[in-house]
Amino acid sequence: MSKTSDALLDDPQNARAYRAMMGLIQKQITIIVFIQGKAWVVNSTMSGKLHEYMVTRNGTWACTCLDFTKRQKPCKHIAAVKLLTEQSV
Ligand SMILES: [Zn+2]
């Protein structure tokens, strides 16, 4: 990994987006559209166990995971949905 990408990944939000992308590529994160453009079911096996979360977009993004609940900032599940739906985070 180059110095440039290391520096980029020092930013926690970029690091989350990166992990989300890797999860999608490695099929550890799968996303099912629940309501087009508004709600998605995200299945993640990244921690070794299957977890299911609901990501919603109602003006602002939200997720049912502990990471989002605690920090109120976009988690990797939101990042993964954004990657799929907007091709950007
Ligand atoms: Zn989440």
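What comes next concerns the included structure. Everything quoted here is computed from the prediction, not taken from an experiment.

A short note on the overall build of the chain
Then comes step 1: Along the chain, the regular secondary structure elements total four helices and four strands.
Then comes step 2: Counting from the amino terminus, helix and strand elements in the chain follow one another as α-α-β-β-β-β-α-α.
Then comes step 3: For 89 residues, the compact-globule estimate of 2.2 N^0.38 gives 12 Å, and the chain sits close to it at 13 Å.
Then comes step 4: In terms of overall dimensions, the chain has a C-alpha envelope of 40 × 30 × 25 Å along the principal axes.
Then comes step 5: Considering only intrachain contacts with a sequence separation of at least 6, the fraction spanning at least 24 residues in the chain is 31%.

Focus on the environment of Glu52
Then comes step 1: With respect to the secondary-structure elements, Glu52 resides in strand S3 (residues 51-58).
Then comes step 2: A tally of 12 C-beta atoms within 10 Å means that Glu52 is categorised as exposed.

Let's talk about the sheet that holds S3
Then comes step 1: Taken together, the four strands give an open sheet; going across it, the order is S1-S2-S3-S4, and neighbouring strands pair in antiparallel fashion. In this open sheet, the two edge strands, each paired with only one partner strand, are strand S1 (29-35) and strand S4 (60-63). On average, each strand axis in the sheet is tilted by 20° relative to the strand beside it, whichever way the strands run.
Then comes step 2: With six bridges joining them, S1 and strand S2 (residues 39-44) adopt antiparallel strand pairing. Bridge pairing in S2 links Ile35 to Ala39.

A word on the nonpolar core
Then comes step 1: Residues Val42, Val55, Ile78, Ala80 and Val81 are the most contacted members of the largest nonpolar core, which totals 13 residues.
Then comes step 2: Looking at this core, the elements with two or more residues in it are helix H2 (12-25), S2, S3 and helix H4 (76-86).
Then comes step 3: Those residues in contact with Val81, other than ones at most four positions away along the chain, are Ile31, Trp40, Val42 and Val55.

About the criteria used
- Residues numbered from 1 in each chain as written.
- Predicted model: local features only at pLDDT ≥ 70, side-chain atom pairs only at ≥ 80, totals over all residues.
- Helix = DSSP H or I, 4+ residues; strand = E, 2+ residues; numbered from the N terminus.
- Rg over C-alpha atoms; globule rule 2.2 N^0.38 Å.
- Contact = placed C-beta atoms within 7 Å.
- Buried ≥ 20, exposed ≤ 12 C-beta atoms within 10 Å, placed from the backbone.
- Pairing = 2+ DSSP bridges.
- Axes fitted to C-alpha atoms, helices over the stretch in contact; angles between N-to-C directions.
- Core = buried A, V, L, I, M, F, W, Y, C linked by C-beta atoms within 7 Å.

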